[in-house]
Amino acid sequence: MAVLSTLRPSNRLLQIIFILLILRTRLITLPKDSFERLRDATAGKRLSAAELTAVLQQIYIKERDGSKTLLVPYRNRLAKVSIHDTAADILASNAKHFPLQSSDSKKSKGLLDPKFVRALRALLFHIAIPSWKSKEAFILAVHSFFLVARTVLSVAVARLDGIIVRDLVRADARGFLRGLGLWFALAVPSTYTNVMIKHLQSTLALRIRTRLTRYIHDLYLSKYPDLRYYRLGLGVGAKRDLLGEGQDTGNAGSIEGVDQYITADIEAWAEGVSGLYGNLMKPTLDLVLFTSQLSRSLGLRGTILLFGTYYATVRILKAVTPAFGKLSAVEAKLEGDYRAGMGRLGREGEEIAFYDGGARERDILTRAYMNLIRHVNSVYKIRIAYEWTEDYVIKYLWSAAGYGLIAVPLLFTRRRRPAAQFGSNPGSSLSASSDGNEVIASRTETYISNRRLLLSLADAGGRLMYAYKDVLELAGVTERLYSLVSSLYAVKPVSTGSNFPSSSGDITNNIIGLEHVDIGTPAQGTSLNESHILSDSAESVHVKSQSVLIRDLSLWLREGSGEHLMITGSNGVGKTAIARVLAGLWGPSNENGKVFRPQSLMVVPQRVYMPVGTLLDQVIYPDSYADFLEKDMSIEPRGGGSGNNIRDILESVFLSYLPEREGGWSTRKEWRDVLSGGEKQRMAMARVFYHRPKFAILDECTSAVSSDVEGRMYQHARSLGITLITISLRPSLMKYHTQVLNVLGNDTGRWTLAHIGQDAVLTPMAEAEGDEGELWLGFNKEIASLERTLKKVDGWDKRLKELNTLLKM
């Protein structure tokens, strides 16, 4: 500092500037660093690497009230978000608000009909904003306050603009400076209001998207017996006779590309609704307030001309507006088709590579993309005429009308003072000049204020016209989302037909079986609930299957009885269909068939599903890490060596090497690509040993596993007390089962059921066909044939000795 004091002022200034340039980075980052240190002191400690790994593994914590606390790592700290599932009674009570609707091409081109209003009201007031006490309603109220505040501030700015110009014309320096100070003071709440409106609109869109996404997730990813995510794929399309004659089944058709609905469409709908509220309320409020302000200056003539301009604008734009709603809905569908094609290519990449089908898939994707591009280009061409007319009307027609409206108070409403009013007295020339300047200043103030209001009014009218187009586009997205929700509600659970009383719950949990069940593939619409189309009746539609594969099937297995069933037969006869019926995915094809499904049942398909997550998640699926902790199991063996740990489970399926090979239990990879086919099937068996269900249906789930490993896994499953129902064509698995069900196929629906080693078999055709109707099971026939052959061995030995004797002679 002493050195700086000896320098001349110019050199001192240069020195200060040089020092500031050197320290500029530190000066800029100092406030940020101070804020970071303050946040560190108040936010708690940072997560270590081990703690971060544990949080990523755990994901959430189960609360006593049934809610979940989501653990979100953020900047090496832990944020907690409370998640509440949508209550079952709310889902049930909202069903009446989402009946299936048929689409009618004769409706208005913009879809602005009562159907759209009902759909928008159902989505908005029963899902997005369910109550006026919700956070979304509070955000909407605050947003409305700022919208009103901005309109009031716009009027004040227009008036202040006129006052500043008036004082400038008067050459009133004091008044001009005072107005300029008010201008800067008014800019503070105005800019803050604009920023808050954008922030609240984005926040409202995010809240609406979150609530709608969670609601549809709870509805779509429903548990047994609903399983809407599965049954929706079977088709919920209503038959034309269910909807009634002359009605289209547009909205009642099956839903394809659900991922497009849940991701892109929900986002577009949330953005559209939140933006539409501001784009409708603010311009409407501007029109009312600005019109009332202008009517004071315009008088009757100007007010009539103003409303005439409104009417002409609405009539012109309505006449040239295309059906943006339908165009938007078609674009969303084509976008979903293209996205589904890309997703299919990612999922089935290996199979396509084996066939070298890249060229064929490219043609398929190119066709889907070109369909989308052609539609988008057609929309752009349609927009040319509309946007040209819209810009011409809003910018130029409204500008010309504005000049005419401004001229009304200057040319007609107010009268010019006659020259005689100022007199011919020379002494009064100064007074006349002063009065003339006052008149000019007053007219200038009126002109500037009215011009400012008219510009704002033109902007409000333009945004209102643009909002009309937004409403049409929103109608298309609303139609798609409503069709998704209504179709999900229309999906009915599969009826088992079981009539056991509730007091026999223990009995039904200890047995699995079918009683006089016809099994067939579900027809389109078999999952549809008629009450969502025609009336408020709760009865469901019974539609027969497209084809019956197996007729009058009856079988029983009891837990702990030591009985295990093997289902065999040629391909396409319905073996997997039996598993689907037993698992509750399909219902009986006949009305009197009964299915007894225990709660403790696990089905292992041939194609193993590998979820996103860690190596541990692959073993415990569908349990979460929180569920795993509740079971009091360990990952590694404990001191007692009880065997109740994940390591021993992997050992039983010969996968104990995976944690070391892949980098530990918390390793996250794309497991469907990392593990081989045999490893994935053994991982599926590890899940069975982890959950230990009473009954397990194994559908060709060891086809890629060697016979010795397969046998050890089956033996281990039996040692755990799991009753097995195996679908397989491998004779080597016969020894692990006591009963064999052979599905004969040949479009007859016949089947045979027998205990292994017995000749007589159970078949529903036996009584009708007598003794000739008793069919021999293929394996038993082979055993009998071998036994007959073995009885001839002694005769063959005797004959062989005779031949040897003859040859020696």
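Here, every reference points to the structure presented above.
Everything in this summary refers to the structure shown in the same document. (Residues numbered from 1 in each chain as written. Predicted model: local features only at pLDDT ≥ 70, side-chain atom pairs only at ≥ 80, totals over all residues. Heavy atoms only, no water.)

1. Re the overall build of the protein
Link 1 in the chain: For the protein, the helix and strand inventory stands at 27 helices and 12 strands.
Link 2 in the chain: For the protein, the proportion of its 809 residues judged to be buried stands at 41%.
Link 3 in the chain: Here the contacts in the protein between residues at least 6 apart in sequence split such that 74% fall between residues at least 24 apart.
Link 4 in the chain: In the structure as shown, the protein presents an accessible area of about 44,500 Å², 58% of it carried by carbon and sulfur atoms. (Helix = DSSP H or I, 4+ residues; strand = E, 2+ residues; numbered from the N terminus. Buried < 20%, exposed > 50% of the residue type's maximum accessible area, 1.4 Å probe, protein only. Contact = heavy atoms within 4.5 Å. Areas by Shrake-Rupley, 256 points an atom, 1.4 Å probe, with all protein chains shown as cover.)

2. Re empty space enclosed by the protein
Using a probe with the size of a water molecule, rolled over the atoms, empty space left in the structure can be pinpointed.
Link 1 in the chain: In the structure shown here, the tally under the stated rule is 2 cavities of 30 Å³ or more.
Link 2 in the chain: Its boundaries defined by the atoms lining it, the second largest cavity holds a volume of some 40 Å³.
Link 3 in the chain: The wall of the second largest cavity is formed by Glu700, Cys701, Thr702, Ser703, Glu710, Tyr714, Thr726, Ile727, Ser728, Arg730 and Leu733.
Link 4 in the chain: At the level of secondary structure, the elements contributing two or more residues to the lining of the second largest cavity comprise α24 (707–719) and β10 (723–727). (1 Å grid on protein atoms, 1.4 Å probe; cavity = no way out; pocket = protein on both sides within 12 Å on 5 of 7 lines; lining within 4 Å. Points joined across faces, edges and corners; volume = space filled by probe spheres on them.)

3. Digging into the nonpolar core
Link 1 in the chain: In terms of nonpolar packing, the biggest core is built from 47 residues, with Phe98, Leu123, Ile216, Leu232, Trp269, Leu484 and Tyr489 touching the most fellow members.
Link 2 in the chain: When contributions to this core are tallied by element, the ones reaching two or more residues are α6 (114–128), α7 (135–170), α8 (173–220), α11 (258–320) and α15 (429–490).
Link 3 in the chain: The element that contributes the greatest number of residues to this core is α15, accounting for 11 residues.
Link 4 in the chain: With 42 residues, the next largest nonpolar core counts Trp665, Leu675, Met683 and Ala686 among its residues. (Core = buried A, V, L, I, M, F, W, Y, C linked by side-chain atoms within 4.5 Å.)

4. Some remarks on a nonpolar patch on the surface
Link 1 in the chain: Taken together, the side chains of Leu177, Leu180 and Phe184 define a hydrophobic patch exposed on the protein surface, amounting to about 310 Å² of accessible area.
Link 2 in the chain: Tracing the backbone through its elements, the reader meets Phe184 in helix α8. (Patch = residues over 30% accessible without salt bridge, like charges linked within 9 Å, V, L, I, M, F, W, Y side chains within 5 Å. Salt bridge = Lys/Arg side-chain N within 4 Å of Asp/Glu carboxyl O.)

5. With respect to unusual backbone geometry
Link 1 in the chain: A cis amide bond links Tyr224 to the next residue, Pro225, at an omega of 15 degrees.
Link 2 in the chain: Its place among the elements puts Pro225 in the loop between α8 and α9 (228–234).
Link 3 in the chain: Here His516, not a glycine, exhibits a phi torsion of approximately 55 degrees, which is positive.
Link 4 in the chain: For His516, the position within the fold is in strand β4 (residues 511–521).
Link 5 in the chain: Here Phe654, not a glycine, exhibits a phi torsion of approximately 60 degrees, which is positive.
Link 6 in the chain: Here Phe654 shows up in the loop between α20 (646–652) and α21 (658–662).

6. Let's talk about the sheet that holds β4
Pairing between the strands of a sheet comes from backbone hydrogen bonds, and it takes one of two forms, parallel or antiparallel.
Link 1 in the chain: Sheet architecture is open: 3 strands sit in the order β5-β4-β7, paired in antiparallel fashion. Here the strands that pair on one side only, and so sit at the sheet edges, are β5 (547–558) and β7 (594–596). For this sheet, the mean angle separating the axes of adjacent strands, direction not counted, is 25 degrees.
Link 2 in the chain: Taken together, the 3 bridges between β4 and β7 define a ladder with antiparallel strand orientation. When the sheet's bridge partners are listed, Leu514 is paired in β7 with Val595.
Link 3 in the chain: Contacting β4, β5 and β7, helix α17 (residues 575–583) crosses the sheet at an angle of about 125 degrees to β4. (Pairing = 2+ DSSP bridges. Axes fitted to C-alpha atoms, helices over the stretch in contact; angles between N-to-C directions.)

7. Regarding the sheet that holds strand β1 (residues 60–62)
Link 1 in the chain: Spatial strand order, β1-β2-β3: 3 strands in an open sheet with antiparallel pairing. Looking at which strands have only one partner, the edges of the open sheet turn out to be β1 and β3 (77–83). Pairs of neighbouring strands in the sheet enclose a mean axial angle of 25 degrees, with direction left out of account.
Link 2 in the chain: Relative to β3, strand β2 (residues 68–74) is paired through 7 bridges, and the arrangement is antiparallel. What sits directly across from Val72, in β3, is Ala79.

8. With respect to the packing of aromatic side chains
Link 1 in the chain: Under the defined criterion, the tally for this structure stands at 10 aromatic pairs.
Link 2 in the chain: Taking the centre distance of 5.5 Å and the plane angle of 50 degrees together, the rings of Tyr338 and Tyr369 count as tilted. Highlighted residues: Tyr338 in helix α12 (residues 324–347) and Tyr369 in helix α14 (residues 358–413), separated in sequence by 31 residues.
Link 3 in the chain: Under the relative-accessibility criterion, Tyr338 is labelled partly exposed at 23%.
Link 4 in the chain: Cluster of aromatic residues (ring-pair linked, three or more members): Phe98, Tyr482 and Tyr489.
Link 5 in the chain: Across the ring face of Tyr261, the terminal group of Arg480 is positioned such that the distance to the ring centre comes to 4.1 Å.
Link 6 in the chain: Over the aromatic face of Tyr224 sits the side chain of Arg597, whose NZ or CZ is 4.0 Å from the ring centroid. (Phe/Tyr/Trp six-rings, centres within 6.5 Å; stacked < 30°, edge-to-face > 60°. Lys NZ or Arg CZ within 6 Å of the ring centre and 35° of its normal.)

9. Here's the deal with the layout of surface pockets
Link 1 in the chain: One number sums up the size of the second largest pocket: a volume of about 610 Å³.
Link 2 in the chain: Around the second largest pocket, the lining is made up of 23 residues, and of these His84, Glu136, Arg207, Arg211 and Arg214 lie nearest the centre.
Link 3 in the chain: Listing elements by their share of the lining of the second largest pocket, those giving two or more residues are β3, α6, α7 and α8.
Link 4 in the chain: Among the elements that take part in the lining of the second largest pocket, α8 stands out by supplying 7 residues, more than any other.
Link 5 in the chain: Split by residue class, the lining of the second largest pocket holds 7 nonpolar, 9 polar and 7 charged. (Nonpolar A, V, L, I, M, F, W, Y, C, P; charged D, E, K, R; others polar.)

10. Examining α8
Link 1 in the chain: Look at α8: 69 Å from first C-alpha to last across 48 residues, which is about the 70 Å you get at 1.5 Å a residue.
Link 2 in the chain: Approximately 25 degrees is the largest bend angle found in α8, and it occurs at Ala187, with the proline Pro189 only one to four residues beyond. (Expected span 1.5 Å × (residues − 1). Bend = angle between axes of the 7 residues up to and from the residue.)

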